[in-house]
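Each chain, letter by letter, is given below.
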Amino acid sequence: MAKKVEQPQGKQAKPRNNLMRREIRWGLLFLSPWLIGFFIFTLLPTLASLVFSFTNYNPLHPDQISFAGLSNYARLFTDPFFRQAIGVTLRFVLISVPFAIIIPLGLALLVNSEHLLGKNLYRTLFFMPSMIPVVVNVMVWRGIMSTETGWLNRMLGVFSIQGPSWFQDERWVLPALTLMGVWGVGNAMIIMLAGLQNVPTELYDAAKVDGATSIQRFRHVTLPIISPIIFYQLVLALIGSFQYFTQAYIVSNGRGDPNGSTMFYNLYLYRTAFNFLDMGYGATLAWVMFVVVLLITIFLFRTQQRWVYYAGGE
Amino acid sequence: MASQTLSVPAKPRFQLTPRLRKLLPYITISTLGLVILLLFLAPLGYMSLTAFKTIVQVRDPHSQWLPASPINYTYQGVEYPLLLVPTEDGVQELALVRPGREESDYVDPQNPEAGIFTVVGRWRTFEPVYEFNPTTANFPTSWEQVNLGRLFRNTIIIATLGTIGTLLSSVLVAYGFARFRVPGISILFIILISTIILPRQVTLIPTYIFFRTIGWGGTWLPLIVPHFFANAYNVFLLRQYFRSIPRDLDEAATLDGATPWQVLWHVILPQSIPALIAVGLFHFFFAWNDFFEPLVYLQGREDLYTISIGMTQFNNIFNTQPGLAMAASMMAIALPLIMFFLAQRVFVQGIVVTGVEK
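Residues numbered from 1 in each chain as written. Chains lettered and ligands numbered in written order. Predicted model: local features only at pLDDT ≥ 70, side-chain atom pairs only at ≥ 80, totals over all residues.

Comments concerning the overall build of chain A
Thinking step 1. Looking only at helices and strands, one finds 13 helices and zero strands in chain A.
Thinking step 2. Starting at the N terminus and walking to the C terminus, you meet the elements of chain A as α-α-α-α-α-α-α-α-α-α-α-α-α.
Thinking step 3. The C-alpha radius of gyration of chain A comes to 26 Å, more than 25% above the 20 Å expected for a compact globule of 314 residues.
Thinking step 4. Along the first, second and third principal axes, the C-alpha set of chain A runs to 90 × 75 × 35 Å.
Thinking step 5. Scored against the burial criterion, the 314 residues of chain A give a buried share of 36%. (Helix = DSSP H or I, 4+ residues; strand = E, 2+ residues; numbered from the N terminus. Rg over C-alpha atoms; globule rule 2.2 N^0.38 Å. Buried ≥ 20, exposed ≤ 12 C-beta atoms within 10 Å, placed from the backbone.)

A short note on the interface of chain A and chain B
Thinking step 1. The partner chain B presents 73 residues to the 68 residues of chain A that form the contact.
Thinking step 2. Residue assignment for the side of chain A that touches chain B shows that the elements contributing at least two residues are helix H1 (13-52), helix H4 (119-127), helix H5 (134-144), helix H8 (186-197), helix H10 (214-242), helix H11 (246-251), helix H12 (265-275) and helix H13 (279-307) of chain A.
Thinking step 3. It is H1(A) that provides the largest number of residues to the side of chain A that touches chain B, a total of 18 residues.
Thinking step 4. Taken together, the residues that form the side of chain A that touches chain B break down as 50 nonpolar, 16 polar and two charged. (Contact = placed C-beta atoms within 7 Å. Nonpolar A, V, L, I, M, F, W, Y, C, P; charged D, E, K, R; others polar.)

Some thoughts on the domain arrangement of chain B
Thinking step 1. Entries for chain B in the domain assignment read domain 1 (72-128) and domain 2 (147-313).
Thinking step 2. For domain 1 of chain B and domain 2 of chain B, the distance between their C-alpha centres works out to 68 Å. (Domains from an automatic or database assignment.)

Describing the environment of Leu335(B)
Thinking step 1. As for its placement among the helices and strands, Leu335(B) is situated in helix H16 (residues 322-342).
Thinking step 2. Taking the number of C-beta atoms within 10 Å as the measure of exposure, Leu335(B) has 16 and is therefore partly exposed.

What to know about the nonpolar core
Thinking step 1. If you look at the biggest cluster of nonpolar residues, it comprises 145 residues, and the most contacted ones within it are Met189(A), Phe264(A), Ala286(A) and Val235(B).
Thinking step 2. Not counting residues within four places of it along the chain, the set of residues in contact with Val235(B) comprises Trp34(A), Ser170(B), Val173(B), Ala174(B), Phe177(B), Leu192(B) and Ala230(B).
Thinking step 3. Leu82(B), Leu96(B), Tyr106(B) and Val107(B) belong to the second largest nonpolar core, which has 11 residues in total. (Core = buried A, V, L, I, M, F, W, Y, C linked by C-beta atoms within 7 Å.)

Brief notes about the sheet that holds strand S4 (residues 90-98) of chain B
All names here are of chain B.
Thinking step 1. Ordered in space as S2-S3-S4-S5-S6, the five strands form an open sheet in which the pairing is antiparallel. If you trace the sheet from one side to the other, it starts and ends with strand S2 (72-75) and strand S6 (117-120), each paired once. Along the sheet, successive strands turn relative to each other by an average axial angle of 55°, direction set aside.
Thinking step 2. Bridge count for S2 against strand S3 (residues 78-87) is four bridges, and the pairing is antiparallel. The residue bridging Thr-74 from the neighbouring strand is Glu-79, located in S3. (Pairing = 2+ DSSP bridges. Axes fitted to C-alpha atoms, helices over the stretch in contact; angles between N-to-C directions.)

Here's the deal with the pairing of S4(B)
Residues and elements named next belong to chain B.
Thinking step 1. For S3 and S4, the ladder comprises six bridges, and the chain directions are antiparallel. Pairing of Thr-87 across the sheet is with Gly-90, part of S4.
Thinking step 2. Where S3 folds back onto S4 in an antiparallel hairpin, the turn is made up of two residues.
Thinking step 3. For S4 and strand S5 (residues 103-107), the ladder comprises three bridges, and the chain directions are antiparallel. Residue pairing in the sheet places Leu-96 in a bridge with Tyr-106 of S5.
Thinking step 4. Between S4 and S5, which pair antiparallel in sequence order, lie four residues.

Structural notes on helix H3 (residues 80-112) of chain A
Thinking step 1. Helix length check: H3(A) (33 residues) gives 48 Å between terminal C-alpha atoms against 48 Å at 1.5 Å per residue, within 8%.
Thinking step 2. The principal kink in H3(A), of about 30°, is found at Ser96(A), preceding the proline Pro98(A) by one to four residues. (Expected span 1.5 Å × (residues − 1). Bend = angle between axes of the 7 residues up to and from the residue.)

Structural notes on unusual backbone geometry
All names here are of chain A.
Thinking step 1. Along the chain, Asp-257 connects to Pro-258 via a cis peptide bond; the corresponding omega equals -10°.
Thinking step 2. Among the structural elements, Pro-258 can be located in the loop between H11 and H12.
Thinking step 3. The residue Ser-160 is not glycine, and still its phi comes out positive at about 55°.
Thinking step 4. Mapped onto the elements, Ser-160 comes out in the loop between helix H6 (151-158) and helix H7 (173-181).
Thinking step 5. In this model, Asn-253 sits at a positive phi of 55°, which is unusual for a non-glycine residue.
Thinking step 6. Looking at where Asn-253 falls in the secondary structure, it is placed in the loop between H11 and H12.
Thinking step 7. Judged by the 12 C-beta atoms lying within 10 Å of it, Asn-253 is exposed.

Next comes the structure, spelled out in structure tokens:
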């Protein structure tokens, strides 16, 4: 809630001007760490990256750098690995994003329920695994999903289901990664919980008086009110899928195993730039990712008035 | 007619007492919650149990949940495996002396004087008898193999310096955004926020080349120094917090002749401890977890590795040695989990939410 700055009035203009100038100087001084950092670590590299994408830069032969025109961009259309990486990433989005919304929402509903005894303990414990370093997360889940000795397949065995060899099977590795991601929903759960707690109780009471069942209340009261938060999570999950790296790297030893099925976009970018040292093409891939993420974000923001409900208009 | 005379208090069969009806939702939801929680935390159970298993116990075809080994029974100086053998007198624990295809010879440890006797039945289908037999050897072994001590030291140094850097710089910048009327400051703030959606891969390659050129490749500096230039999330969180502190206080201090530094130090910061703790913890956890940047900048410098890339190196060895992997995992998460439980309020309530809400 920014208050209107008082306009300087004729008589006092001069001392006020001095005061304002002082305030600006102090303000810039305090902002300077970010201003400098933004310039050195964000603005310049972003532009340099764009420039690199038009070259064949290789750090082993920096002197042989030459202008490559649009050839890096043309290469995208014929590069089978690029197509594969996009395919893997999109498939992962389709499999994992619904879970990234539904599971935290379900958990938030659970730990928000007035009928759950020991709510705070549950909140803490559901949040806890998202504090566990990704490397450990991967190691533990690989154990859980190990073909013979893992608990998951043994549990399935109880129901006479022969579990797949999750991380070794190219058809099952993306579902396995999705399942693994369930451990990291803590943050999303807390944000959704905050959203649920913001739903005015009068609305529930009114719906109850009108004879709405609990499912109807969820559908027509809770969902519309928390839709902005679901929207926010959706944007985050989509952007996150394009940046998905660590899990894929560890699971596949950085090679996209088995058979390229975990060659996520970001992993391909890393390999291009840092294993094959083709930094010109790497910069191209990075910029394409940036543009795609930007387009997705803009697209989602455009569609939001269709399904996102904002109390009070905006 | 007759029906009317019959209608004595005909209670439905399952009439809950009002008390039970009130309790029922609590029982259902709490049970459901408990089941989901147990499933959710099962991997931690797997980790803790496997960490105490030997490789033989992990591979055991009858694999047990608990770290357990089959028991042998020594009869006349020779060890024989104990099996659960179904006999006429129920299932008995017998030592298998001479295995045969359809019938085998056993001895009863409860009554060895009775000597060897034969029981019909395929011994291969009988379960061995287990005893609880955990090993702690995985912990020292994996500590040595992964060089966890060095990894811990490296990670703690990087995380601590980065935390100091991000706290110092983000506080200054957030104070600047919260309290000073600089022309164009709202545009600057929008730029700051929009850097959140900028994928870091976009800046990665030039930044990497820049750090290599100034000789920082293979050092910790690229992992620490950039954090001294503030970061959008932290500035955002702190700015929101600073703005909730009434301005009257700093105006009063300014009238008394306090400089903006003094206002920040004596008025703003003392009231922002929870936000500062949150930002510090976020960064510490980020650094503990960070994978991409150490991978890129510390390539080939094993002595400088952090926990995350250091442990990944051993990922493949560990694949065949789940016990070692889980022991190392338990040690690697001990510190973050202790910190998390000490400060769980910061994460689970309040501050985190106020930061993201707007």
